[in-house]
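Fold and geometry: a report
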Amino acid sequence: MLSATSPLPLTKPPQASQSAQLNVGAVRPSHPWQRHQCPSRSPIPGPISLSFSLHLNPPFRSNRIVPRLGCVGSDYAEIIVLRHGETAWNADGRIQGHLDVELNDAGRQQAAVVGDRLSKEPKISVVYSSDLARAYETAQIIAARCGGIRVVTDVDLRERHLGDLQGLVFRDAAKINPKAHQAFVSRETCQEIPGGGESRDQLHQRCTSSVQRIGNKHKGERVVLVSHGGFIRTLYKQASPDGRSVAKVLNTSVNIIHVYDDGKWTIKSWGDVSHLNPTGYLQSGFGGDEKSG
């Protein structure tokens, strides 16, 4: 069970601007059971003894994992993409979109735990965040746990604008606003949602251009990017070799992509939630899938 953490004092995010490599002593072994043998020594008189230590890590769920974090090459940026922590609206199944909703207590605990994890990994240069409160608060907590690194807000990292669906409980949306719901579930990627909502094409353009811009600026560095389920699913589709979508992006899951300046993206690891307690914090939050918002 995760230990409760006290909410950190927050300041209101600065007005959205147009616009983090962690010190690590060790990385997790690539298998829950990994044996380390002491280095060999020069022969000495008498019996020779060898000592072994055994390390056990709890199993975790993930979509695709390459757990060992290596050095960053000079021709790409390593971007650690995180979905914000859980909100009360996530727990209620309510559509958020561009509406501002703060984290709940579970979300703050998730942010603190992933921040502790990242603080033990290679150095982060900067944390980028959506300017929406649920992402910005997550980013602040992570930055504080990693030694007070800088947080930069960017309006382009927001969730998809879902128009007239925003604020509705998803299970009631088809009945309350059938026109907006039909536009949302449409397979036409150019279909906008009534009430100022974005099409999937518009979301894709915004997501990919903003991440490419950040990647170009930080080649040879590791940065954290805190955003939203729909945004992150779009990044996966862009970076996936076969262009497929990922099923679900869990709250504070760790997803790592390499962004090159020629537009080439590769996925290093995806869906890592090994820092979370699987009984309490993996499946509780709504969103992060095709209903994301």
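Presented here is a report on the structure given in the accompanying data block. (Residues numbered from 1 in each chain as written. Predicted model: local features only at pLDDT ≥ 70, side-chain atom pairs only at ≥ 80, totals over all residues. Heavy atoms only, no water.)

1. Observations regarding the overall build of the chain
What counts is decided by this rule: Runs of H or I in DSSP of at least four residues are treated as helices and runs of E of at least two as strands, each being numbered from the N terminus. Partly exposed residues are those whose accessible area sits between 20% and 50% of the maximum for their type, while under 20% is buried and over 50% is exposed, using a 1.4 Å probe and protein chains only. Residue exposure ignores everything except the shown protein chains as possible cover, and the areas themselves are Shrake-Rupley values with a 1.4 Å probe.
Counting secondary structure elements, the chain contains seven helices and eight strands. Evaluated residue by residue, the chain yields a buried proportion of 52% over its 293 residues. Carbon and sulfur atoms provide 51% of the accessible area of the chain, an area that totals close to 14,200 Å².

2. Some thoughts on the packing of helix 2 (residues 105-119) against helix 3 (residues 133-145)
This is how it is decided: Lines fitted to C-alpha atoms define the axes, with helix axes restricted to the stretch in contact, and inter-axis angles between N-to-C directions lie between 0 and 180 degrees. By definition, turning the near helix anticlockwise from the far helix through less than a right angle yields a left-handed crossing, and turning it clockwise yields a right-handed one. What makes two residues a contact is simply this: any of their non-hydrogen atoms within 4.5 Å. Gly falls in the polar group here, along with every residue not listed as nonpolar (Ala, Val, Leu, Ile, Met, Phe, Trp, Tyr, Cys, Pro) or charged (Asp, Glu, Lys, Arg).
Packing of helix 2 against helix 3 leaves a shortest axis separation of 8 Å and a crossing angle of 35 degrees. Helix 3 is crossed by helix 2, and the crossing has right-handed handedness. Residue-level contacts link Arg108, Ala111, Ala112, Val114, Gly115, Asp116, Leu118 and Ser119 of helix 2 to Glu137, Thr138, Ile141, Ile142 and Arg145 of helix 3. Residues that form the contact of helix 2 with helix 3 fall into these classes: six nonpolar, three polar and four charged.

3. Focus: the packing of aromatic side chains
The test is simple: A pair of aromatic rings is counted whenever rings of Phe, Tyr or Trp (Trp by its six-membered ring) have centres within 6.5 Å, and the orientation is called stacked for planes under 30 degrees apart, edge-to-face for over 60 and tilted otherwise.
With the rule as written, the count across this model stands at three aromatic pairs. Plain terms: the ring middles of Tyr76 and Tyr260 are 5.1 Å apart, the flat faces sit at 45 degrees to each other, and that makes the pair tilted. Residue Tyr76 is found in strand 3 (residues 76-83), and its partner Tyr260 is found in strand 7 (residues 254-260); the two are separated by 184 residues along the sequence. The class for Tyr76 is buried, based on a relative accessible area of 10%.

4. Regarding the pairing of strand 7
Regular strands place side chains that alternate from one sheet face to the opposite one. How we decide: Whether two strands pair depends on DSSP finding at least two bridges between them.
Burial analysis of strand 7 places seven of its seven residues in the buried class, which makes it a mostly covered element. The alternating pattern of strand 7 places Val254, Ile256, His258 and Tyr260 and Asn255, Ile257 and Val259 on opposite faces, both of which are buried. Looking at chain direction, strand 3 and strand 7 are connected through seven bridges and run antiparallel. When the bridges of strand 7 are listed, Ile80 appears paired with Ile256. Where strand 7 and strand 8 (residues 265-272) come together, five bridges link them in antiparallel fashion. Bridged to Val259 within strand 8 is Trp265.

Remember that the coordinates give geometry; whether it matters functionally is a separate question.
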